[in-house]
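# Commentary on secondary and tertiary structure
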Amino acid sequence: MSVGSSFLEQVNQAFDRAARFTHHDPVLLANIKACKNLFYTSFPIKRDDGSIEVMHAWRAEHSHHKLPCKGGIRYAPTVDADEVLALAALMTYKCVLVDVPFGGAKGGIRLDPKTYSVGELERITRRYVFELVRKNFMGPGLDVPAPDVGTGPREMAWIADTYTQLRSGEVDALGCVTGKPVSAGGIRGRTEATGRGVFFGTREACGIGEDMKALGLATGLEGKRVVIQGLGNVGYYAAKFFQEGGATLVGFAESEGAISNPKGLDLEKVMAHRRERKSVLDCPGATNLAHREEALELECDILIPAALERQITAENAPRVKAKIVVEAANGPTTGEADEILAQRGIMVIPDAYINAGGVTVSYFEWVKNLGHVRFGRMQKRFEQGAYSRLLESVEGLTGRQFTAEEIERVTQGASEEDLVNSGLEETMVGAYHPIRKEWKERGGKVDLRTAAMIVAIDKVALSYQQLGIFP
Ligand code: NAD
């Protein structure tokens, strides 16, 4: 492992490490690893004060073994070709691990959204979409973006609107982007999906007694001490579901600083304090840490980096005290740090699996858009009627009358959100076991990241083999 390798090299090194354990033709492996399309554009944008600024934007489509391609759009000062190529490759492996039938993609614009007005951001977003559409880098059957760092439902609504303006009459146009507001063709449960998926996946891993015993931990999430870096979309919802699931949140890091309390922090109180003071620091009941990075080294059972890539490095990995690192962010652990954590017996639940809840529910949103009907709309009343008749039969057979509360609880038909959360849980739980099986069967020769990558490579290889080569 070369010291100081780029994010893309980090992802490719993980690929190479796993590829050695497979028996695929080296040419096939090279084809899987290579990015299929990389789009770069620059365009001028008029700022509110009348000045003109040149924006730099990218979109990478890593794999076309399944179409459309899928991946978020990031607005951050760090965005460059290397970053989108790395993130697009991760998307391919992520989609395949959770059986979402998309190739991986990622896009981004190099900007700090905090330094632009809403009107400027809207103009930048619409122009970016225009450039993507005219180069065939966007469309419900081609390439479907989603939110990532610095973007959210607001940007996705602008993207959907711009696309539908450009492609008027295209019946499936709303499927051109996911993560939209519900009122603009989005799906209930998408906003929380990545954090909820992080919770489901970690609960599954922590539910296996044999693996927890090896780490010196009790089975289950109850009482586990958790530290979270980043309280944005992913980190906040992960924190919320871990707290509801019985874990104790003992530390948070945000860009302005970090706080801790070994006895536990109340998430909603911290969020309210941050909204009011624009900072997590000086939150009642918490101690400020001298540096925000110190949160990564706090005494805890589970460390969840949920902010940005390359946060756990060769420098701080020796001081990480968690027994489990849950990679809610993409690429938070450098290759060098990965080796150190593995040597220290720390379990790393890899990004390609654990943060796949977002793309899973994006897939449900895309299916909903193509189907033009809300999940649950057809069957909710039918289910209610069927459950009511069943209860009436039980009442008839037993002579016992159910209370109104019992009837209400049992006869509720599934809403869209119930179905989305059920599909997400099924996906995250089901996807963990093939990865764990690969890990266990290799008897300690690989870590979970390599095991996940082996599973992903095998699946993409099978697709390419079955598709053959055109022409
Ligand atoms: P976000 O912009 O909503 O949140 C990121 C948070 O991290 C922000 O609150 C920011 O202030 C904070 N932060 C930035 N630098 C920090 C630092 N040095 N220390 C502590 N906090 C810092 O972004 P997000 O959508 O939550 O994405 C977070 C990570 O999860 C990214 O790596 C992203 O690629 C990944 N991810 C996101 C999704 C999704 O659905 N949004 C899905 C999969 C993976």
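One can find the structure itself at the top, above this paragraph.
Everything numeric in this text was worked out from a predicted model, so none of it was measured.

Next up on the list: the sheet that holds strand S1 (residues 37–46). Strands in a sheet are paired, the pairing made by backbone hydrogen bonds, and the direction either parallel or antiparallel. Taken in spatial order, the 5 strands of this open sheet run S1-S2-S4-S3-S5, and their pairing is mixed. Edge positions in the sheet fall to S1 and strand S5 (143–147), since each has one partner strand and no second. On average, adjacent strands in this sheet sit at an angle of 25° to one another, irrespective of strand direction. Pairing geometry for strand S3 (residues 69–76) and strand S4 (residues 103–110), over 6 bridges, is parallel. In the strand pairing of S4, lysine 70 is matched with glycine 104.

Take the nonpolar core next. Core analysis: the largest hydrophobic core is formed by 90 residues, its most contacted members being Phe242, Phe252 and Ile324. Of all the elements, helix H16 (residues 448–467) adds the most residues to this core, at 11 residues. In contact with phenylalanine 252, not counting residues within four places along its chain, are Ile228, Leu231, Ala239, Gly257, Ala258, Ile259, Leu265, Leu267 and Val270. Among the nonpolar cores identified, the runner-up in size contains 26 residues, and Ile45, Ile73, Leu111 and Val177 belong to it.

Turning our attention to the site of the ligand. The immediate surroundings of the ligand are formed by 24 residues, with Asp148, Thr194, Val234, Glu254 and Asn330 found nearest. Arginine 74 is positioned such that a nitrogen or oxygen atom in its side chain is 2.9 Å from an oxygen atom of the ligand. One nitrogen or oxygen atom from the side chain of asparagine 330 is found 2.8 Å from an oxygen atom belonging to the ligand. Alone, the ligand offers 830 Å² of accessible surface; in the complex the protein occludes 86% of this. Elements with a minimum of two residues in the shell around the ligand: helix H6 (190–206), helix H8 (233–244) and strand S7 (248–254). Of the residues that constitute the shell around the ligand, the class distribution is 9 nonpolar, 10 polar and 5 charged.

To continue, consider the sheet that holds strand S11 (residues 324–326). The 7 strands are arranged S9-S8-S7-S6-S10-S11-S12 in an open sheet whose pairing can be described as mixed. Among the strands making up the open sheet, the edge pair consists of strand S9 (287–288) and strand S12 (347–349). Here 2 bridges tie strand S8 (residues 257–260) to S9, and the two strands are oriented antiparallel to one another. When the sheet's bridge partners are listed, serine 260 is paired in S9 with threonine 287.

So, on to the environment of asparagine 355. Turning to its location among the elements, asparagine 355 is positioned in the loop between helix H11 (351–354) and helix H12 (357–371). Classification of asparagine 355 by relative accessible area gives buried; the value is 6%. Residues asparagine 355 and glycine 201 lie 154 residues apart in sequence; the distance between their C-alpha atoms is 8.7 Å. Within the structure, asparagine 355 has its side chain in polar contact with the backbone oxygen of alanine 328 (distance 2.9 Å).

Okay, the pattern of salt bridges next. Pairing between side chains becomes possible if they bear opposite charge and their charged atoms approach one another. Under the defined criterion, the tally for this structure stands at 38 salt bridges. The closest approach of N and O atoms between aspartate 16 and lysine 33, which form a salt bridge, is 2.9 Å. You can see aspartate 16 sitting in helix H1 (residues 7–19) and its partner lysine 33 sitting in helix H2 (residues 26–33), a full 17 residues away along the chain. The exposure class assigned to aspartate 16 is partly exposed, which follows from its relative accessible area of 31%. Across the salt bridge formed by glutamate 441 and lysine 437, the nearest N and O atoms sit 3.4 Å from each other. Within this pair, glutamate 441 and its partner lysine 437 are both found in helix H15 (residues 416–441), separated by 4 residues, close to a single helical turn. Judged on exposure class, the residue glutamate 441 and its partner lysine 437 are both exposed. Salt bridges sharing partners connect three or more residues here, namely Arg17, Glu327, Asp338, Asp351 and Arg449.

A surface patch of nonpolar side chains, about 320 Å² in accessible area, is lined by Tyr387, Leu390, Val394 and Val410. A total of 3 residues in the nonpolar patch trace back to one element, the largest contributor, which is helix H13 (residues 380–398). Overall, the relative accessible area of 54% leaves leucine 390 in the exposed class.

What follows concerns the side chain of glutamate 438. Structurally, glutamate 438 can be placed in helix H15. Owing to a relative accessible area of 14%, glutamate 438 belongs among the buried residues under this scheme. When neighbours within four sequence positions are excluded, glutamate 438 is seen to be in contact with Val446, Ala451, Ile454 and Val455.

Before going further, it helps to examine the pairing of S8. Burial along S8 is two-sided: Gly257 and Ile259 facing one way and Ala258 and Ser260 facing the other are all buried. When S7 meets S8, the two strands line up antiparallel, connected through 4 bridges. Along S8, the bridge assignment pairs phenylalanine 252 with isoleucine 259. The antiparallel hairpin formed by S7 and S8 contains 2 residues in its connecting segment.

What follows deals with the packing of aromatic side chains. Tallied over the full model, the rule gives 11 aromatic pairs. Here the aromatic rings of phenylalanine 199 and phenylalanine 242 are separated by 5.7 Å at their centres, their planes lie at 85°, and the arrangement is edge-to-face. In this pair, phenylalanine 199 sits in helix H6 while phenylalanine 242 sits in helix H8, placing the two residues 43 residues apart along the sequence. The same class applies to phenylalanine 199 as to phenylalanine 242, namely buried. Between the aromatic rings of tyrosine 236 and tyrosine 237, the centroid separation amounts to 4.8 Å while the plane-to-plane angle is 70°, which identifies the pairing as edge-to-face. A relative accessible area of 15% places tyrosine 236 in the buried class. One aromatic cluster is present, built from ring pairs that chain together Phe102, Tyr363, Phe364 and Trp366. Lying across the ring of tryptophan 439, lysine 440 places its NZ or CZ 4.5 Å from the centre.

The rules we used
- Residues numbered from 1 in each chain as written.
- Predicted model: local features only at pLDDT ≥ 70, side-chain atom pairs only at ≥ 80, totals over all residues.
- Heavy atoms only, no water.
- Pairing = 2+ DSSP bridges.
- Helix = DSSP H or I, 4+ residues; strand = E, 2+ residues; numbered from the N terminus.
- Axes fitted to C-alpha atoms, helices over the stretch in contact; angles between N-to-C directions.
- Core = buried A, V, L, I, M, F, W, Y, C linked by side-chain atoms within 4.5 Å.
- Buried < 20%, exposed > 50% of the residue type's maximum accessible area, 1.4 Å probe, protein only.
- Contact = heavy atoms within 4.5 Å.
- Near = heavy atom within 4 Å.
- Polar contact = N/O pair within 3.5 Å; in protein donor to acceptor, adjacent residues only side chain to side chain.
- Areas by Shrake-Rupley, 256 points an atom, 1.4 Å probe, with all protein chains shown as cover.
- Nonpolar A, V, L, I, M, F, W, Y, C, P; charged D, E, K, R; others polar.
- Salt bridge = Lys/Arg side-chain N within 4 Å of Asp/Glu carboxyl O.
- Patch = residues over 30% accessible without salt bridge, like charges linked within 9 Å, V, L, I, M, F, W, Y side chains within 5 Å.
- Phe/Tyr/Trp six-rings, centres within 6.5 Å; stacked < 30°, edge-to-face > 60°.
- Lys NZ or Arg CZ within 6 Å of the ring centre and 35° of its normal.

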